[in-house]
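Overview (structure and organization)
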Amino acid sequence: MPFIPPTAEQLLALRVNAGISESAAVTPDLVAAIVEGIGDFAAGEWAPLARIGDTEGAVATDGVVRLPAGYAEAYQAYVAQGWNGIAGPVAYGGQGLPMSLATCAQESLGAANLAFTLLPILTVGAIEAIAHHGSDAQKATYLAKLISGEWSGTMNLTEPQAGSDVGALRTAATPIADGPDAGKYRIKGTKIFITWGEHDLSGNIVHLVLARTPGAPAGSRGISLFLVPKYLVDEAGNPGRRNDLRAVSIEHKLGIHASPTCVMSYGDHDACIGELIGAENEGLKCMFTMMNAARINVGSQGVQVAEAAWQLARAYARERVQSPRAGSPDKTPVAIIEHPDVRRMLLRMRSLTEAARALLYHTCGEVDRAAQGDTAAKARAEVLVPMIKAWGTDIGCEVASLGVQVHGGMGFIEETGAAQHFRDARITPIYEGTNGIQAADLVTRKLRMENGGVLLALLGDIERDAAEVPALAGLADECAQVARWMIADASLDDRLAGSVAFLTMCSVAVAGWQLLRQVRAVATGEAPGNLALTEPVTARFFFDHIVPEASGLRAAASAGAASLYALEAEVLAG
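So, here's what we can say about the structure. Since the model is a prediction, treat every value here as computed from it, not as a measurement. (Residues numbered from 1 in each chain as written. Predicted model: local features only at pLDDT ≥ 70, side-chain atom pairs only at ≥ 80, totals over all residues. Heavy atoms only, no water.)

Some details on the nonpolar core
In this structure, Leu101, Phe116, Met387, Trp391, Phe502 and Phe542 are the most contacted members of the largest nonpolar core, which totals 166 residues. The biggest single contributor to this core is helix α8 (residues 283-319), with 15 residues. When neighbours within four sequence positions are excluded, Trp391 is seen to be in contact with Leu352, Ala355, Ala356, Leu359, Pro386, Leu503, Thr504, Ser507, Val508, Ala511 and Phe542. (Core = buried A, V, L, I, M, F, W, Y, C linked by side-chain atoms within 4.5 Å. Buried < 20%, exposed > 50% of the residue type's maximum accessible area, 1.4 Å probe, protein only. Helix = DSSP H or I, 4+ residues; strand = E, 2+ residues; numbered from the N terminus. Contact = heavy atoms within 4.5 Å.)

Below, the structure is given as C-alpha cells:
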C-alpha cells in the first residue's frame, strides 16, 4: 500500500495546536507549500525504501557500514532540496523557520520510513548543541555543513557499564599541550547504541561525545562534551585525514534495521582528536540542549509509526472480506471494516494518532514561542517534553499493535508490513531517556517548577476551557489533585511509584484539550476536506473512551510505593 502523507491533518495541527500563524517568519501559502512538498517527497523518495530497509538493513564489514541500494540517492535528494535546513539558523544557511514546520517535515519522512528519519533527527540535535554552546570557530566550521545535511551528526552518551546512568561513563579526554593539535583533546573509550554512528551517506560524521577530563569530579558533575569528527577538518573547512575512531560493530535489532546502531571505539591508536564544546564539566548541560530536541523528535516518531500503522490497517480493513455483519439479515460476507470490533480498533487507532499529533504540535508551538522570548511558553514546553516523548511513543506502540490485530493472522506474517511497524515502534519508549525516566522527570524536576505552578496552571487552563466536555475537565481536575498530593504529602518513592500513571493522565488531558480545539476549528470551517466529517467523531471517541481510561489511573498514581517494596528483591526475583 503506498504511503499517503497526512497533509490535511498536519495543516490543521499546525494552525490550531502549534499556532503557526503567530510566526512572522511564515505565511499560510509557505506553510502549505512546505507541508505538501515534504509529503510528496516522503511518499516518492523515502517510502519505497522502507521495506528493503527492513529486510536487508544496514550491513557492517570491517568497520564500513553500508545501506541498501537507493538510500544514498534518496538522502542526496533530501539534501539537495534543502529539507534538512528548515529550522536552521539563517546565518549558517538555514531557513530560520519555526520548529513546528521542521517537525512536520520529520513527521512525513518518518511515517514513510521510520528508521531512515533517525539520521536527520540526530543531525538536528548536533546542530542545536553546537549552535548554543559551540565556539565561533566551531560554528563556522561545522554548522553550515550540518544544516545542509551534507554532514551528519550523532550523540554519544551510553557506555557498556553505564546504561542510563550517564554519570558512570569512563571515556577519557586528555588535553593536548603542544603540537598541531594543541588545545584539543585525545579521546579514548567505547560508546554503545550510537544511532547512525557510521554510514556511507554523508561526507562527514560529527560525533558529539561525553567524556571525562583528568581530575574531573565524580558522577555527572565531571562530564564534558567533545566534538569528534569522523574526518578531521582542514583549514579550508574540508574533510581531511581519518580520525582515530571506528564502528566496531552494529547491533542486530528487533526493528529499525535500516538505522545502523553502532558500537563506537575512540582512540584505539591513541590518536583520536576532539574539541571541547562549552566549558569543562558542563557536558551534561550542553547535551541536554540536544536531548530536549531529541525527545520531542522521538515523541514525533510515536506519531509517525502510528500514522503508518493506521494507514495500513484501514486499507486492509476495507479490502479484507470476511463473515456477514452481525445481526444482519443479509448473510453475504462484508469487508471487516463493517464489524463492530474492527471499527472499535480503527477508531481507537485514529483517535490516539490524532491526539498524539495534537500534543506534538502544541509542544512545538510552545518551543517556537519560547524562542521568541516568551518565558511562560518556555516553562510550559519544559513540562510538555516528557509527556510527548513518553505518551507519544506509548501511543505509537499501542497503535502499531492494534494494526497487527486488525490484520488478524496476516498481521503476524512479515509480508503484510504490519509486523514491521510493531517491531520498529518498540525502541521509541527506550531511547533518548526511557519513558520511566520521562515520568520521573515530570514528578520531580518539572513538578517542582514554581512549586508546581507551571503544571497546575496548564491543568487549570484545560479545566476552564473544556467545561463543555465534563469528562475532560474532570480529568484535568483529577490530575491537579494528584499533583498537589505529590507536592505536599508524597515521598519521593511515592511520586516515582505513581509517575507513569500520572504522566499518562496529564498527557491524555493535554492531548484531549488540543483535540477539542481542533473540533472548534472544524465548527468554524477551518478544517480542510474530509476532516470536517471525521475530526468531531475522532475526538468524541477520545473523550468517551480514552479520557475515562486515564481517569481510572488516579488510584495507581496516588497509591504510593509501599506495595513495590513489600517483597525483598531476592523474593521478587526468586
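Some words on the layout of surface pockets
Its volume calculated, the largest pocket comes out at about 1,400 Å³. Taken together, 49 residues make up the lining of the largest pocket; nearest its centre are Met99, Glu128, His132, Val367 and Ala371. Elements with a contribution of two residues or more to the lining of the largest pocket: α5 (99-112), α6 (114-133), α8, α9 (340-371) and α10 (375-407). Looking at which element gives the most residues to the lining of the largest pocket, the answer is α8, with seven residues. Tallied by class, residues from the lining of the largest pocket come to 27 nonpolar, 14 polar and eight charged. Roughly 890 Å³ of volume is contained in the second largest pocket. When residues of the lining of the second largest pocket are traced back to their parent elements, those giving at least two are β5 (185-195), α8 and α11 (418-425). The biggest single contributor to the lining of the second largest pocket is α8, with five residues. Taken together, the residues of the lining of the second largest pocket break down into 17 nonpolar, 10 polar and seven charged. (1 Å grid on protein atoms, 1.4 Å probe; cavity = no way out; pocket = protein on both sides within 12 Å on 5 of 7 lines; lining within 4 Å. Points joined across faces, edges and corners; volume = space filled by probe spheres on them. Nonpolar A, V, L, I, M, F, W, Y, C, P; charged D, E, K, R; others polar.)

Read these as layout, nothing more, since geometry by itself doesn't imply function.
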